[in-house]
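Coordinate inspection notes
Now for the letters of each chain:
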Protein chains: 2
Amino acid sequence: MSSDTLSNGHQTSPPTSDRETESAESSKATVKKKKSSKKGYRHHITPIHTTVAPSVLSKDAPPASYRGFMNLAMLILAASNVRLIIENYLKYGFLMSRPGTFVPPSDYILFSTTFIALPFNVIFAYLIEKMAIKPFLAELKRAKAQDQQPTLTPKILSINRRAGILHVINITITILYPTLMSYYAIFHPFLATVVLFVAVMLFLKLVSYSLVNRDLRLNQVSSQDKNLEGFYTVAYPNNITLGDIVYFWFAPTLCYQPSYPRAPQKFRLGFFLKRAGELLIACTMMYFLIEQYANPTLKNSVRAMDELALVNIVERLLKLSTTSLLIWLLMFYAFFHCYMNVLSEALEFGDRTFYLDWWNSGSLETYWRLWNRPVYHWFKRHVYLPLVGQGVPPIVATLTVFTISAALHELMVGVPTHAIMGYAFGGMMAQIPLITLSKPLEKWRGKGSTLGNVLFWVSFCLVGQPACVLLYYYQWVITHRVEPV
Amino acid sequence: MSSDTLSNGHQTSPPTSDRETESAESSKATVKKKKSSKKGYRHHITPIHTTVAPSVLSKDAPPASYRGFMNLAMLILAASNVRLIIENYLKYGFLMSRPGTFVPPSDYILFSTTFIALPFNVIFAYLIEKMAIKPFLAELKRAKAQDQQPTLTPKILSINRRAGILHVINITITILYPTLMSYYAIFHPFLATVVLFVAVMLFLKLVSYSLVNRDLRLNQVSSQDKNLEGFYTVAYPNNITLGDIVYFWFAPTLCYQPSYPRAPQKFRLGFFLKRAGELLIACTMMYFLIEQYANPTLKNSVRAMDELALVNIVERLLKLSTTSLLIWLLMFYAFFHCYMNVLSEALEFGDRTFYLDWWNSGSLETYWRLWNRPVYHWFKRHVYLPLVGQGVPPIVATLTVFTISAALHELMVGVPTHAIMGYAFGGMMAQIPLITLSKPLEKWRGKGSTLGNVLFWVSFCLVGQPACVLLYYYQWVITHRVEPV
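Conventions adopted
Residues numbered from 1 in each chain as written. Chains lettered and ligands numbered in written order. Predicted model: local features only at pLDDT ≥ 70, side-chain atom pairs only at ≥ 80, totals over all residues. Heavy atoms only, no water. Helix = DSSP H or I, 4+ residues; strand = E, 2+ residues; numbered from the N terminus. Contact = heavy atoms within 4.5 Å. Phe/Tyr/Trp six-rings, centres within 6.5 Å; stacked < 30°, edge-to-face > 60°. Lys NZ or Arg CZ within 6 Å of the ring centre and 35° of its normal. Axes fitted to C-alpha atoms, helices over the stretch in contact; angles between N-to-C directions. Parallel < 35°, antiparallel > 145°, perpendicular 65-115°, else oblique. Left-handed = near helix turned anticlockwise from the far one by under 90°. Nonpolar A, V, L, I, M, F, W, Y, C, P; charged D, E, K, R; others polar. UniProt positions renumbered as here; feature names shortened; annotations may be inferred. Buried < 20%, exposed > 50% of the residue type's maximum accessible area, 1.4 Å probe, protein only. Salt bridge = Lys/Arg side-chain N within 4 Å of Asp/Glu carboxyl O.

**Topic: the side chain of Ser-55 of chain A**
Among the secondary structure elements, Ser-55 of chain A is positioned in the loop between α3 (27-38) and α4 (67-92). Beyond its immediate sequence surroundings of up to four residues, Ser-55 of chain A is in contact with Ala-61 of chain A together with His-337, Asn-341, Arg-352, Phe-354 and Tyr-355 of chain B.

**Quick notes on the packing of aromatic side chains**
For the structure shown, the criterion picks out 88 aromatic pairs over all chains. On the numbers, 5.4 Å between centres and 40° between planes, the contact of Trp-328 of chain B with Trp-371 of chain B is tilted. Taken together, the residues Trp-328 of chain B in helix α11 (residues 310-347) and Trp-371 of chain B in the loop between α12 (364-370) and α13 (373-389) connect sequence positions 43 residues apart. The lysine or arginine in question, Lys-205 of chain A, covers the ring of Phe-248 of chain A, its NZ or CZ lying 5.2 Å from the ring centre.

**Comments concerning the packing of helix α17 (residues 450-480) of chain A against helix α4 (residues 67-92) of chain B**
Running from amino to carboxyl end, α17 of chain A crosses α4 of chain B at an angle of 60°, the nearest separation of the two axes being 10 Å. The angle between α17 of chain A and α4 of chain B falls in the class oblique. As for how α17 of chain A packs across α4 of chain B, the hand of that crossing is right-handed. Residues Thr-450, Asn-453, Val-454, Trp-457, Val-458 and Leu-462 of chain A of α17 of chain A touch α4 of chain B, and the partners they reach there are Arg-67, Gly-68, Phe-69, Asn-71, Leu-72, Leu-75 and Ala-79 of chain B. Each residue belonging to the contact of α17 of chain A with α4 of chain B can be placed in one class, and the counts come to 8 nonpolar, 4 polar and 1 charged.

**What about the UniProt feature "active site" (unreviewed entry) in chain A?**
All names here are of chain A. UniProt's feature table lists "active site" (unreviewed entry) at His-409, given in the numbering used throughout. One can find His-409 in helix α14 (residues 394-414). Residue class for His-409 comes out partly exposed when judged on its relative accessible area of 32%. Sequence-distant contacts of His-409, that is, excluding residues within four places in its chain, are made with Trp-368, Ala-424 and Met-428.

**Looking at the pattern of salt bridges**
In this structure the tally under the stated criterion is 28 salt bridges over all chains. Where Glu-315 of chain A meets Arg-316 of chain A, a salt bridge forms, and the shortest distance between an N and an O atom there is 2.9 Å. Considered together, Glu-315 of chain A and Arg-316 of chain A belong to a single accessibility category, that of buried residues. Residues Glu-87 of chain B and Lys-319 of chain B are paired through a salt bridge, measuring 3.9 Å at the closest nitrogen-oxygen approach. You can see Glu-87 of chain B sitting in helix α4 and its partner Lys-319 of chain B sitting in helix α11, a full 232 residues away along the chain. Here the salt bridges do not stand alone but share partners, grouping Arg-83, Glu-87 and Lys-319 of chain A together with Glu-315 and Arg-316 of chain B into one network.

Listed below in structure tokens is the structure:
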């Protein structure tokens, strides 16, 4: 209680020198008068309760700010997590071991051999396109010589068909070989996941590469859409080079284009190093979180799963959810922000909207549209639009997209853990009814409402993800019944 | 991915029929044209990456909303507390016993006898004032008969002195008897706390009653301040009635006034019952939180305190802090909002600003000024202003207020736990340097800044309160070395 705040109260006391202040005295004299009137016993009779007023929390009081309680909530969140960190330390000490302790040496050889296969798939894809150019160029030459419009000659159609068959074989090998290796040969789920992840990316890229080049060829011959040339700085078939396909392989996109918008500025070393540093830090933190927090929680949940003790399972799920959420947020930041920006900076790739503000999503539907733009674009361009273009009802096209996506999710989770149980597939498909259910909510509260956002976080991060992690972990344990990795 | 959102993308594709749309065709025809152009292979060559744009989280991107992360934080807070509730249930089951199980029967008798003494203190205070009126009325009568101004006769001064001495004796008994009973006779800290709490309130009220009436008497005789009469609807000595002092005893204020602003509306039964119901619920919740959460945490902290294991003590403090904070917030709501409003409604007491929005406090100083208005007013009116009025420097007056307040805190905590260890006194006094330290912060960030608010919550609720609770509990345990209550 400082002097100024306390003496404020004195001014609410009855004016003792009304007449004096009314006469034009200097303010200094008034102050003196007030000071002298403070002497003696005047203070105790000063009225304290002078007005009628409701309590701040009453309904009839003017609305108050509750900002402080928000700060308090954030503080409790921080404090309770600090406590959990201490509790974990007291219980387990420092758990993190050197990475790769549990990886069998043979895994590294299998891992490398699987990786070495991928560049060959890229080269084959290039060679197939290179082959397909020849009759096309011949036809262009012929048409030009005879001053005619080029047409789809039987030769072009037949080479197109042959190129298509070869692409299908090549793309099948791209995905099949790493899948078989991951499922049957590589023991450690992490290495297998990395292999499959890279393979699936290349698979999607090669599908896009073959479809786009086929259509560019057909488009040029039938001259259906000359306007396209304004968009791409490289005209078909000048894009069919080894350099171009290698650029596409590494570029942070799954959609092939003969050319991409380039970054307006030259390579920024500072930006590159910052993102690379963040990537390193995020990966270390993820590793630490997995070893120190997720692993013990998962180990301690096996018994509850064995006994199907529901309350205990819910407790474990909630304990896991904070850790899995943090890991997932770090993964998002590391991959979609750091890694993709690092790549973009190195490749001077211009369009860096790898994600939009999905964290404000009011529904799962919005989330899937915003969080992973490369995959979203790929499905839109190569699955959804062609299907709708061929007269398939939009709802069926959407279901097709979700089913393929669910299959890919199952592939990337079930195969590395050697447990194709369909939990990931089911988790994806279960979102279709959830999205349908959230439609009335969006109508009621509007898009991106707080309620919708909370329901999104609950269904996706607090229940869905930890439940899937727990299920696959448990599957792994009951299959191996060993000290799990 | 809904049909409308996906097909949006198609509109970003190059316009295929520029000339047609330029000619004034009907929009329906345009749609048809577009639909037909969707057929076939046009989709795969639609450009996806058409612009240069930074990632949302990049510095060079336009500022994005992070509202969703705030929702997520609140959600994690809720989820982690639900988990702690489940964990507590799995560990301890349902702990809450019938209230009063650990209270020795003799305590109830001691409790009641201490309570019975208090009305006599009230009656004595009234009788002392009644006695002091007589020479005062005689002087008024004499002055009126002789048409003179009343003056301070020796008789008035002597009766004033005598009344003062009697008041000191009566007020000393008011506080001393319950203190001795609580410290030496009543075993259970809860009952002792209730006794002391009621006694301290009456102590403060009787101090105010005696000082105000003395000054009103002197004021009337010396006619120093006739303006006061406009504030009080009852003029001295008409306020000296038994009904008046009993009203003041129960009124939700510690500052005596001959009259108070009355509530503008008549007794509202609905308001009364709602607040009374909330009071009951809040008290039950507090009891539950103490038995189910605070008690086990405290019990489990004894070993850490015995061994002075610092990390474990910090962990226990943090575990305790959420519970103690909740109990304290409930206590605030129950006492300052529910109880005082219930009283006010019954007594038609008008000024219900028992607290202001202390939760937004930017410093401890602001907090003490806002959270407990009755005590704040009492100290301002009966300690701070008289001291400053007598020429004491404001800083010394402030220190005096803090010291008296610290002594009362120690009395209300140390005595019922039979452990006058000075922790509560020290906790209060330690705030003086904290407030001094926060002055530069207020200058830097302004009053009520978020940083100041966070520091207030940390120092007061996350560290100060649980630390005091732990210290007094531990003191209780090492004194008794029994299963604590």
